[in-house]
Number of protein chains: 2
Amino acid sequence: MEKQIIEYLSKYTVITKELENAITESAFFKNYKKGDILLKEGGFSNECYFILEGCIRSYFLKDGEEKTIEFYTEEQVVTPANYAKSIPSKYYLECIEDTVLNVGNPALEKEMFDKYPQLESLSRVIAEIVIANHQETFTEFKTSTPEERYLYMLKTRPDLMQRASQYQIASYLGMKPESLSRIRKRLMKK
Amino acid sequence: MEKQIIEYLSKYTVITKELENAITESAFFKNYKKGDILLKEGGFSNECYFILEGCIRSYFLKDGEEKTIEFYTEEQVVTPANYAKSIPSKYYLECIEDTVLNVGNPALEKEMFDKYPQLESLSRVIAEIVIANHQETFTEFKTSTPEERYLYMLKTRPDLMQRASQYQIASYLGMKPESLSRIRKRLMKK
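As the structure is a prediction and not an experimental result, all values here were calculated from the model.

A. Region of interest: the sheet that holds strand S4 (residues 56–62) of chain B. Residue and element names in this part refer to chain B. What the 4 strands build is an open sheet, ordered S2-S7-S4-S5; its pairing is antiparallel. Only two strands of the sheet have a single partner each, and these edge strands are strand S2 (37–39) and strand S5 (65–72). For this sheet, the mean angle separating the axes of adjacent strands, direction not counted, is 30°.

B. Highlighting the interface of chain A and chain B. Chain A puts 24 residues into the contact, and the matching count from chain B is 24 residues. Contributing elements (two or more residues each) for the side of chain A that touches chain B: strand S5 (65–72) and helix H4 (117–142) of chain A. No other element matches the 16 residues that H4 of chain A contributes to the side of chain A that touches chain B. Each residue belonging to the side of chain A that touches chain B can be placed in one class, and the counts come to 9 nonpolar, 8 polar and 7 charged.

C. A look at the pairing of strand S7 (residues 92–95) of chain B. All names here are of chain B. Here S7 shows no split at all, with Tyr92 and Glu94 on one side and Leu93 and Cys95 on the other all buried. Across 2 bridges, S2 lies against S7 in antiparallel orientation. Bridge assignment links isoleucine 37 to a residue of S7, and that residue is glutamate 94. As paired elements, S4 and S7 share 4 bridges and run antiparallel to each other. In the strand pairing of S7, serine 58 is matched with leucine 93.

D. Spatial organisation of the relation of the copies chain A and chain B. Superposition record for chain A on chain B: RMSD 0.0 Å, screw rotation 180°, translation along axis 0.0 Å. Look at the turn and shift together and you get a two-fold axis relating the two. Closest approach to the rotation axis among the C-alpha atoms of chain A is made by arginine 124 of chain A, whose C-alpha sits 2.2 Å away. The overlap is high: 100% of the interface residues of chain A also sit at the interface in chain B, so the same surface is used on both sides.

E. Representation of the sheet that holds strand S1 (residues 29–32) of chain A within the structure. Residue and element names in this part refer to chain A. Spatial ordering of the open sheet is given by S1-S8-S3-S6, a layout of 4 strands whose pairing is antiparallel. The open sheet terminates on both sides in strands that have one partner only, identified here as S1 and strand S6 (77–78). Summarising the sheet, strand S3 (residues 48–53) and strand S8 (residues 99–104) pair through 5 bridges and their orientation is antiparallel. Bridge pairing in S8 places isoleucine 51 opposite leucine 101.

Rules and cut-offs
Residues numbered from 1 in each chain as written. Chains lettered and ligands numbered in written order. Predicted model: local features only at pLDDT ≥ 70, side-chain atom pairs only at ≥ 80, totals over all residues. Pairing = 2+ DSSP bridges. Helix = DSSP H or I, 4+ residues; strand = E, 2+ residues; numbered from the N terminus. Axes fitted to C-alpha atoms, helices over the stretch in contact; angles between N-to-C directions. Contact = placed C-beta atoms within 7 Å. Nonpolar A, V, L, I, M, F, W, Y, C, P; charged D, E, K, R; others polar. Buried ≥ 20, exposed ≤ 12 C-beta atoms within 10 Å, placed from the backbone. Least-squares fit on C-alpha atoms with pLDDT ≥ 70 in both.

Interpretation in functional terms is not warranted from these geometric data alone.
Structure below.
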């Protein structure tokens, strides 16, 4: 599993043998079951995650209904918005599959960044890529019809259809379950 | 103007006198006129910006119509998605007011980060705040009605109503200009 992290990081920078060893030695893994909640609305967060296997869904409740914000899958970083801050979370994080995570915390992060500034530099680069991707997804969303949004998801994240429920995907796409089902039927006829 | 940058950065970390001097000496400012284009669709980007005064709009063309992605105003960082990469931009960046920018480039960035790792650390922290804010805005957008979206903008970024045209704001909110005008009329009657 350590290998997977090194491979991921190597996409962005050269990982020296020394850094590889440090990461391998400090890496901390946890196994979760489908349905496990990593963070609750109103809760505090002192952990960030790198997904080795599985799927995490973020959602919140609006008028008693679950509204899915995001799905995170393999090789994605999940940093709760309130990570290491003393403010309550606005949303839930739930494992919707059995999930294996590399778990980080502020103390470990600080230790590693102090020792290996290259790692902090890498975190910045990755954060900037995440920003650019977010922006693209948001733009696509804002300027698309519901059907186009669904097609964009099929193109960019086809695995989600197998991993999440129709109900979760509908709210993720900002539509009602009935609308999603109507769109799918229409497209199948084409 | 240098002071404004130092004040902004001081919100996130302690800026030593030495770092303050380095920033002040290396800071590079440019003035732009309303209507100036900083980046074109298909163009390459070797500059990132910190807005001291003014407003930048990002947009792209879809079927000949301008679709506004984002408005950036004072104390916001604008890093084009293709910054320092050899890929063409998917959107335009336009000054919609006379604008004063602190302009960065990859060489200067590298020099400053190498010399002051604290600055890179700060960039990472700010990037993570930007990610959390993006996520919140996107979530709000996805789970809101058009009227709620408009009210959310009035609450979080009331200045935009004065700075941008109705046409630009409508597409920023993901709706047609007629829908925005209908919503505004309805709310004024309340």
